[in-house]
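# Structural features, examined
The lines below spell out each chain.
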Amino acid sequence: MGANHDHDPHPAPPARGRALRLGVGGPVGSGKTALVAALCRTLRDDLRLAVVTNDIYTTEDADFLRRNAVLSDDRIAAVRTGCCPHTAIRDDISANLDAVESLERRHAPLDLVIVESGGDNLTATFSRGLVDRQIFVLDVSGGDKVPRKGGPGVSGADLLVVNKTDLAPLVGADLGVMDRDAAQVRRGKPVIFSSLRERPGAPEVAGWVRSVLAETHEARSAAGTPRPAVAPGAP
Amino acid sequence: MALPASLLLLADSRLPAGGHAHSGGLEPAAEAGAVTDLPTLTAFLRGRLATTGLVAAALSAAACGHAARTRGGDGGDGGLGGHEGWSVLDAETDARMPSPAGRRASRAQGRSLLRAVREMSPHPALDALAAFSAPHHPLVLGAAVAVTGGSPADAASIGAYGAVTGPASAAVRLLGLDPLAVHRALAELAPQVDAVAAEAAGHARGDPRDLPAASAPALDIFAELHLQANLRLFES
């Protein structure tokens, strides 16, 4: 880094013409898969989507997605991580890169590829070589002191989602404490409190994704790359 | 003889080339109850080394020799030609991998390794392999060793070494075996790894059709069964 004085600390917009790559990480059971499914349902009418899942992916999971018709089968790729979910998103991203690129080739052009990490711990974070932006998902039942602990996911993710807020009174979680602690460790980066039970479409998170896409399109236009036309109603 | 760091990088399990998610047949073998503890793991590793390990190491040595002869794309390999030579080696690799799942795993790992080594050491010999959308792993390994200045014997060593360390690491993760005990087993296997590598290196020149073709039917069957398993933690 020493010689790199002009290094821009902000992540670069996606390279010319390719889809935005969005990582979704977080501990086991925090609701990553449900959030990804909600985002797909909310965004699929006006964005061209594909998903790479790194979670333990059984035939039951595949059946779940098929039954709920979140996306067609060929827009979902499963990557197996050899019992090390964080390795596949951080240290050795090659299988995920292959999956993303293969989806992009098969369904070109895509607007958004979501890479869902396998459930992991608070030290997990996505490599910048794999994703352009990342969301870290916590849930209130993991305890309201989790944001205070920080860790690369909580403090570094572009968006922190605190999920299952409807459970807060039941598990004695203080959302105010979580909000204050998150703001402190995240130094102003956005936090969204979400309840898929109350708002099944995750509208606030979907809105954040749209704003990131708009931002990167602006950055591309400024760089002279035209925004790719979005086919209306593309699945 | 000093060990060049450029070659150590290629042998390192931390090389970001996708290997961590492949168990070399260990996961389906464990699922089938064939590997449950240290003695059964050691038997598995010996068997794999003597069969697919030897074949992969010999293919890597041959690929290294081919890449070295055609280095720089001058085709100076006595008429085989860069691309044609790779096609021959690709077909010979296919012929030694009866299981479609095994071939797919080899090509997936080859594509990932090629991505890594083209980033690390860009070279026309690697570009020639990129003409295949997913070249077999042993061929990419051989070419990578050649462009970093290594010999076919080096390629065979790294290939034979990887044939046992990958599944051993998978066994530690899947079965919770004691990593110290597993590494003792690997250390005890080291002379056999060297012997297999030496035998494989002897095939660096000569007709690719004469490369060793030792097969392991159980590994082929495991590879196929693995694809049908309800839960898979490793790609292969």
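Rules used throughout
- Residues numbered from 1 in each chain as written.
- Chains lettered and ligands numbered in written order.
- Predicted model: local features only at pLDDT ≥ 70, side-chain atom pairs only at ≥ 80, totals over all residues.
- Heavy atoms only, no water.
- UniProt positions renumbered as here; feature names shortened; annotations may be inferred.
- Helix = DSSP H or I, 4+ residues; strand = E, 2+ residues; numbered from the N terminus.
- Buried < 20%, exposed > 50% of the residue type's maximum accessible area, 1.4 Å probe, protein only.
- Contact = heavy atoms within 4.5 Å.
- Areas by Shrake-Rupley, 256 points an atom, 1.4 Å probe, with all protein chains shown as cover.
- Salt bridge = Lys/Arg side-chain N within 4 Å of Asp/Glu carboxyl O.
- Expected span 1.5 Å × (residues − 1).
- Arc of directions from axis to C-beta.
- Buried area = accessible area lost by both parts, 1.4 Å probe.
- Core = buried A, V, L, I, M, F, W, Y, C linked by side-chain atoms within 4.5 Å.
- Axes fitted to C-alpha atoms, helices over the stretch in contact; angles between N-to-C directions.
- Parallel < 35°, antiparallel > 145°, perpendicular 65-115°, else oblique.
- Nonpolar A, V, L, I, M, F, W, Y, C, P; charged D, E, K, R; others polar.
- Disulfide = S-S within 2.5 Å.
- Left-handed = near helix turned anticlockwise from the far one by under 90°.

As recorded in an unreviewed UniProt entry, chain B goes by the name Urease accessory protein UreF, listed as coming from Actinomadura montaniterrae. Regarding chain B, the UniProt comment filed under Subunit (unreviewed entry) reads as follows: "UreD, UreF and UreG form a complex that acts as a GTP-hydrolysis-dependent molecular chaperone, activating the urease apoprotein by helping to assemble the nickel containing metallocenter of UreC. The UreE protein probably delivers the nickel." In its Sequence similarities (unreviewed entry) section, the UniProt entry covering chain B states "Belongs to the UreF family."

The name given to chain A in an unreviewed UniProt entry is Urease accessory protein UreG, with the source organism recorded as Actinomadura montaniterrae. Regarding chain A, the relevant UniProt record gives this comment under Function (unreviewed entry): "Facilitates the functional incorporation of the urease nickel metallocenter. This process requires GTP hydrolysis, probably effectuated by UreG." As recorded by UniProt, the Subunit (unreviewed entry) comment attached to chain A reads in full: "Homodimer. UreD, UreF and UreG form a complex that acts as a GTP-hydrolysis-dependent molecular chaperone, activating the urease apoprotein by helping to assemble the nickel containing metallocenter of UreC. The UreE protein probably delivers the nickel."

As a further point, take the overall build of chain A. For chain A, the count of helices and strands is nine helices and seven strands. Residue burial in chain A is summarised as follows: out of 235 residues, 50% are buried. When contacts within chain A are restricted to residue pairs at least 6 apart in sequence, long-range pairs at least 24 apart make up 81% of them.

Helix and strand counts for chain B come out as 10 helices and zero strands. Start at the N end of chain B and walk to the C end: the helices and strands fall as α-α-α-α-α-α-α-α-α-α. Counting all 236 residues of chain B, 47% fall into the buried class. Counted over contacts in chain B with a minimum sequence separation of 6, partners at least 24 positions apart contribute 77%. In the form shown here, chain B has an accessible surface area of approximately 10,200 Å², with 58% of it arising from carbon and sulfur atoms.

Per the stated rule, a full pass over the model turns up 22 salt bridges over all chains. Across the salt bridge formed by arginine 210 of chain A and aspartate 46 of chain A, the nearest N and O atoms sit 2.8 Å from each other. Residue arginine 210 of chain A is found in helix α9 (residues 203–222), and its partner aspartate 46 of chain A is found in the loop between α1 (32–43) and β2 (49–53); the two are separated by 164 residues along the sequence. Arginine 210 of chain A sits in the partly exposed class, given a relative accessible area of 33%. Relative accessible area serves as the criterion here: at 35%, aspartate 46 of chain A is assigned to the partly exposed category. Each of the salt bridges in this network shares a partner with another, and the network as a whole consists of Asp98 and Glu101 of chain A together with Arg111 and Arg115 of chain B.

Another aspect to go through is the UniProt feature "binding site: GTP" (unreviewed entry) in chain A. Residues and elements named next belong to chain A. Cross-referencing UniProt, the feature "binding site: GTP" (unreviewed entry) maps to Gly26, Pro27, Val28, Gly29, Ser30, Gly31, Lys32 and Thr33 in the present numbering. Mapped onto the elements, valine 28 comes out in the loop between β1 (20–25) and α1. In this structure valine 28 touches Gly119 and Asp120, once residues within four positions along its chain are discounted. By the element assignment, lysine 32 lies in helix α1. Not counting residues within four places of it along the chain, the set of residues in contact with lysine 32 comprises Val24, Gly25, Gly26, Pro27, Glu116, Ser117, Gly118, Gly119 and Val137.

What follows concerns helix α10 (residues 217–228) of chain B. In an α-helix there are 3.6 residues to a turn, and that puts residues three or four apart on one side. All names here are of chain B. Helix length check: α10, at 12 residues, gives a terminal C-alpha distance of 17 Å against a target of 16 Å (1.5 Å per residue), a fit within 8%. When we look at burial in α10, the residues that qualify are Leu219, Asp220, Phe222, Ala223 and His226. On an axial view of α10, the arc spanned by its buried residues comes to 160°, and they lie on one face. In α10, the exposed positions that point more than 90 degrees away from the buried face belong to Pro217, Ile221 and Gln228. Here the buried face of α10 lies against α2 (26–31), α3 (38–69) and α5 (100–120).

In this complex, chain B contributes 19 residues to the contact, which on the side of chain A involves 20 residues. Here chain B and chain A share an interface that buries about 1,600 Å² over both sides, 49% of which is from carbon and sulfur atoms. Counting across the interface, chain B meets chain A through four salt bridges. We note a salt bridge from glutamate 235 of chain B to arginine 80 of chain A, for which the minimum N-O separation is 3.3 Å.

Another point: the side chain of serine 99 of chain B. Along the chain, the position of serine 99 of chain B falls in the loop between α4 (82–95) and α5. On the accessibility criterion, serine 99 of chain B (3% relative accessible area) is buried.

Now for the nonpolar core. Counting residues in each nonpolar core, the largest one holds 62 residues, and the members touching the most others are Leu26, Leu41, Leu45, Trp86, Val117, Leu129 and Val145 of chain B. Setting aside residues no more than four positions away along its own chain, valine 117 of chain B makes contact with Leu10, Pro122, Leu126, Val140 and Ala144 of chain B. Ile114, Leu159, Val212 and Leu213 of chain A belong to the second-largest nonpolar core, a separate cluster that totals 32 residues.

Turning to the packing of α5 of chain B against α10 of chain B, a few remarks are in order. Residues and elements named next belong to chain B. Running from amino to carboxyl end, α5 crosses α10 at an angle of 85°, the nearest separation of the two axes being 7 Å. Relative to α10, the element α5 is oriented roughly perpendicular. Residue-level contacts link Pro100, Ala101, Gly102 and Arg104 of α5 to Ala223, Glu224 and Leu227 of α10. When grouped by side-chain class, the residues that make up the contact of α5 with α10 number four nonpolar, one polar and two charged.

Further remarks concern the environment of alanine 50 of chain B. Tracing the sequence through the fold places alanine 50 of chain B in helix α3. On a C-alpha basis, the gap between alanine 50 of chain B and alanine 216 of chain B in space is 9.1 Å, while along the polypeptide they are 166 residues apart.

Once that is clear, we can look at the state of the cysteines. Tallied over the entire structure, the rule returns zero disulfides over all chains. Its sulfur unpaired, cysteine 84 of chain A is 6.4 Å from the next cysteine sulfur, which belongs to cysteine 83 of chain A.

Residues and elements named next belong to chain B. Taken N-terminus to C-terminus, the directions of α3 and helix α7 (residues 137–147) make an angle of 45°; their axes are 7 Å apart at the nearest point. It follows that α3 is oblique to α7 by the angle criterion. When you trace α3 past α7, the crossing you get is right-handed. Taken together, the residues of α7 that come into contact with α3 (itself represented by Ala56, Leu59, Ser60, Ala63, Cys64, Ala67 and Ala68) are Pro138, Leu139, Leu141, Gly142, Ala143, Val145 and Ala146. Taken together, the residues of the contact of α3 with α7 sort by class into 12 nonpolar, two polar and no charged.

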